[in-house]
Amino acid sequence: TEEDRIDTNRLRAVTFDEDGGTLIALNKYGHTLRWSVDTGRLLHFAVLQQPCGQVPWPVFSAALARDGRRAVWTGGEDHTKARVVDTATGALVWTLDGHQGELFHLSISPGGEYATTSTFDYPLRLWRIADGNCVATISNPEKGLCNHVFTAGGDILVSGADDGTVRVAKISDLIAEEKMWVSG
């Protein structure tokens, strides 16, 4: 059965849907799963689509939009790229390509409008999910950007640096100015 094929010991991202009635997860093997919170029953199972003839890529890091419709993940043979997928079908929506080094962290805005990707000591990139374009690059050349998260409303991005510095910026400001964060 489908439930026998599911490995929940290797979950890479987990979230609840907007009304809290469904738990959505993405595991190491590229399986997207949806469970009813009330019954614990598996509602949906899909596998991320792979290039023709390839075995599933291991997912290294992933993030899910709060609505559960989109996920962003990295892994497989090329850890410098992130992939945006439709969680219902597993279909690849966009490949986010623009980093030189291996991706360290990913996040996606609650409504799925934007995603962020970063390597440990190179730029954080802000991507618009609707078209897969990078709309802002945030650099901190002296201190690696370690983590980033969107606020619940999705309009503010918070980023933490290796030295403990926390930066807060409105998404609209980042897009309009394409500003760089530097040590201060």
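These figures come from a predicted structure and were not determined experimentally.

**Q** Hey, could you run me through the overall build of the protein chain in this one?
**A** When helices and strands are counted, the protein chain shows one helix and 15 strands. A burial count over the protein chain gives 47% of its 184 residues as buried. By sequence separation, contacts in the protein chain at least 24 residues apart represent 37% of the contacts at least 6 residues apart. With an accessible surface of roughly 9200 Å², the protein chain has 49% of that area assigned to carbon and sulfur atoms.

**Q** Just to check I follow, could you spell out the sheet that holds strand β8 (residues 92-97) for this structure?
**A** Each strand in a sheet pairs with its neighbour through backbone hydrogen bonds, running either in the same direction (parallel) or in the opposite one (antiparallel). Ordered by their spatial adjacency, four strands build an open sheet running β5-β6-β7-β8, and the pairing between neighbours is antiparallel. The open sheet has two edge strands, β5 (59-64) and β8, and neither has a second partner. Going across the sheet, the axis of each strand differs from the next one's by a mean of 20 degrees, ignoring polarity. One ladder, built from five bridges, connects strand β7 (residues 78-86) with β8; its direction is antiparallel. Paired with R83 across the two strands is T95, which belongs to β8.

**Q** Quick question: what am I supposed to make of the sheet that holds strand β2 (residues 22-27) here?
**A** The strand order β1-β2-β3-β4 describes an open sheet built from four strands, whose pairing is antiparallel. Unpaired on one side and paired on the other, β1 (11-16) and β4 (42-47) mark the two borders of the sheet. Put simply, the sheet's adjacent strands are angled 15 degrees from each other on average, direction ignored.

**Q** Looking at this model, I keep getting lost on the nonpolar core. Mind explaining?
**A** One recurring pattern in soluble globular proteins: nonpolar side chains tend to sit buried together. Core analysis: the biggest nonpolar cluster contains 12 residues, these being A63, A65, V72, A82, V84, L96, L103, L106, I108, A115, W127 and I129. Once residues lying within four places of it in the same chain are set aside, the contact partners of L96 are V72, T80, K81, A82, V84, A115, W127 and G132. Counting 11 residues, the second largest nonpolar core, distinct from the first, contains Y114, L124, L126 and F150.

**Q** Explain the confidence of the model for the protein chain here, please?
**A** Atomic detail in the predicted coordinates should be set aside for any region of low pLDDT. In this model, the protein chain carries a mean pLDDT of 79, and residues with pLDDT of at least 70 account for 80%. Low pLDDT, under 50, characterises residues 179-184; the predicted model gives this stretch 23 contacts beyond four residues in sequence or across chains.

Rules behind the numbers
- Residues numbered from 1 in each chain as written.
- Predicted model: local features only at pLDDT ≥ 70, side-chain atom pairs only at ≥ 80, totals over all residues.
- Heavy atoms only, no water.
- Helix = DSSP H or I, 4+ residues; strand = E, 2+ residues; numbered from the N terminus.
- Buried < 20%, exposed > 50% of the residue type's maximum accessible area, 1.4 Å probe, protein only.
- Contact = heavy atoms within 4.5 Å.
- Areas by Shrake-Rupley, 256 points an atom, 1.4 Å probe, with all protein chains shown as cover.
- Pairing = 2+ DSSP bridges.
- Axes fitted to C-alpha atoms, helices over the stretch in contact; angles between N-to-C directions.
- Core = buried A, V, L, I, M, F, W, Y, C linked by side-chain atoms within 4.5 Å.
- pLDDT = per-residue confidence, 0-100.

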